[in-house]
Amino acid sequence: MRISLTEFVTLDGVSQGPGSPDEDTSDGFAAGGWLVPHIDRAFVERASGWLDLADGLLLGRRTYEAFARDWPRVTDPADPFAERMNALPKYVVTNTLTEGAWQPATVLKGDPVQTVADLKARPGRELQIHGSARLGDTLLAAGMVDVLRLVVAPTVLRTGRRLLAGPGATSGLRLVHHEATDNGLLLLEYETTGEAPRAGYEGLAAFA
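Just so you know, these numbers come straight off a predicted model, no measurement behind them. (Residues numbered from 1 in each chain as written. Predicted model: local features only at pLDDT ≥ 70, side-chain atom pairs only at ≥ 80, totals over all residues. Heavy atoms only, no water.)

On to helix 4 (residues 112-120), then. Among the residues of helix 4, Thr-115, Val-116, Leu-119 and Lys-120 are the ones counted as buried. For helix 4, the angular spread of the buried residues around the axis is 140°, confining them to a single face. The secondary structure elements touched by the buried residues of helix 4 are strand 1 (2-10), strand 2 (54-60), strand 3 (90-93), strand 4 (105-108), strand 5 (126-130) and helix 5 (133-141). With a side-chain oxygen positioned 3.3 Å from the backbone nitrogen of Val-113, the residue opening helix 4 is Asp-111. (Buried < 20%, exposed > 50% of the residue type's maximum accessible area, 1.4 Å probe, protein only. Helix = DSSP H or I, 4+ residues; strand = E, 2+ residues; numbered from the N terminus. Arc of directions from axis to C-beta. Contact = heavy atoms within 4.5 Å. Polar contact = N/O pair within 3.5 Å; in protein donor to acceptor, adjacent residues only side chain to side chain.)

The sheet built from 8 strands is open, its strands ordered 4-3-2-5-1-6-8-7 with mixed pairing. The strands lining the two open edges of the sheet, one partner per strand, are strand 4 and strand 7 (173-180). Direction aside, neighbouring strands of the sheet carry axes that sit 25° apart on average. For strand 1 and strand 5, the ladder comprises 5 bridges, and the chain directions are parallel. Bridge pairing in strand 5 places Ile-3 opposite Leu-127. Against the sheet, helix 2 (residues 61-70) engages strand 2, strand 3, strand 4 and strand 5, with an angle of about 115° to strand 2. (Pairing = 2+ DSSP bridges. Axes fitted to C-alpha atoms, helices over the stretch in contact; angles between N-to-C directions.)

Attention now goes to the packing of aromatic side chains. Here the structure, examined in full by the defined rule, presents 3 aromatic pairs. Considering the side-chain rings of Phe-8 and Phe-43, the 5.8 Å spacing of their centres and the 70° angle between planes classify their relative orientation as edge-to-face. Note that Phe-8 is positioned in strand 1 and Phe-43 in helix 1 (residues 41-51), a separation of 35 residues in sequence. With 6.2 Å between their ring centres and 90° between their planes, Phe-67 and Trp-102 make a pair best called edge-to-face. A residue pair is termed long-range when its members are at least 10 positions apart, and Phe-67 in helix 2 and Trp-102 in the loop between strand 3 and strand 4 qualify at 35 residues. When its relative accessible area of 15% is taken as the criterion, Phe-67 is described as buried. Residue Trp-102 is classed as buried on the basis of its relative accessible area of 4%. Taken together, the ring pairs in this structure connect Tyr-64, Phe-67 and Trp-102 into an aromatic cluster. It is Lys-90 that lies over the ring of Trp-102; its NZ or CZ is 4.3 Å from the centre. (Phe/Tyr/Trp six-rings, centres within 6.5 Å; stacked < 30°, edge-to-face > 60°. Lys NZ or Arg CZ within 6 Å of the ring centre and 35° of its normal.)

Contact geometry for helix 4 and helix 5: axes closest at 10 Å, N-to-C directions at 80°. The orientation of helix 4 relative to helix 5 falls into the category roughly perpendicular. Side by side, helix 4 and helix 5 meet where Pro-112, Val-113 and Val-116 of the first sit next to Leu-135, Thr-138 and Leu-139 of the second. (Parallel < 35°, antiparallel > 145°, perpendicular 65-115°, else oblique.)

This brings us to the pattern of salt bridges. Following the criterion strictly, the structure yields 14 salt bridges and no others. Residues Glu-126 and Arg-149 are paired through a salt bridge, measuring 2.8 Å at the closest nitrogen-oxygen approach. Of this pair, Glu-126 sits in strand 5 while Arg-149 sits in strand 6 (residues 147-153), placing them 23 residues apart in sequence. For the pair Glu-126 and Arg-149, a shared accessibility class is recorded, and that class is buried. A salt bridge links Arg-149 to Glu-189; the shortest N-O distance between them is 3.3 Å. (Salt bridge = Lys/Arg side-chain N within 4 Å of Asp/Glu carboxyl O.)

In this section: the side chain of Asp-24. Among the structural elements, Asp-24 can be located in the loop between strand 1 and helix 1. Engagement of the side chain of Asp-24 in a polar contact is seen with the side chain of Ser-26, the distance being 2.7 Å. A distance of 2.6 Å separates a polar atom in the side chain of Asp-24 from a polar atom in the side chain of Arg-161. Beyond its immediate stretch of four places on either side in the chain, Asp-24 contacts Gln-16, Gly-17, Phe-29, Arg-62 and Arg-161.

Burial runs high along strand 2: 6 of the 7 residues are buried. Note that strand 2 and strand 5 share 3 bridges and pair parallel. If you follow Gly-56 over to strand 5, its bridge partner there is Leu-127.

So this is what it looks like as structure tokens:
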């Protein structure tokens, strides 16, 4: 299976607490809910299409527990995400949980890179990481992520936990899809290409 990483970020790279003011207040973060004012139909349709590709959700403990608290409460039959989010298999990468309350769930213990590599080797379409920025960062640095999808909100917070800030190898990316919604969200989809290339500038003739 391919591993995809979907993240909501601000222009200054913050990924913490996009969905509500009290979603994630760790480390004193008080600026949550920054994505919601920009959600529009184009975003919902694109995000729903991404979710159509999922054969399972790959989550860290913090995101799994937040999703387990919130998604079962969404009972509106017209909601485009809730039924699938609740029904999809969940794989939780954690050494602190023994079982998951939000079923169907499988707890993956041990080294995250190795346990996810075993899962990735199975046949299927996509294992999707939603949120779980620390897990996503670790797997991207280890070369395990195949697709990176970013939803960039037109806002600058200057506070909060940044995305992709951990140690590890560089990552090269190839842009395969991009669009801007009417409410100003940038929807960017990349495929990974190995380590990031580098070069020195030698004048415009090199690009002719």
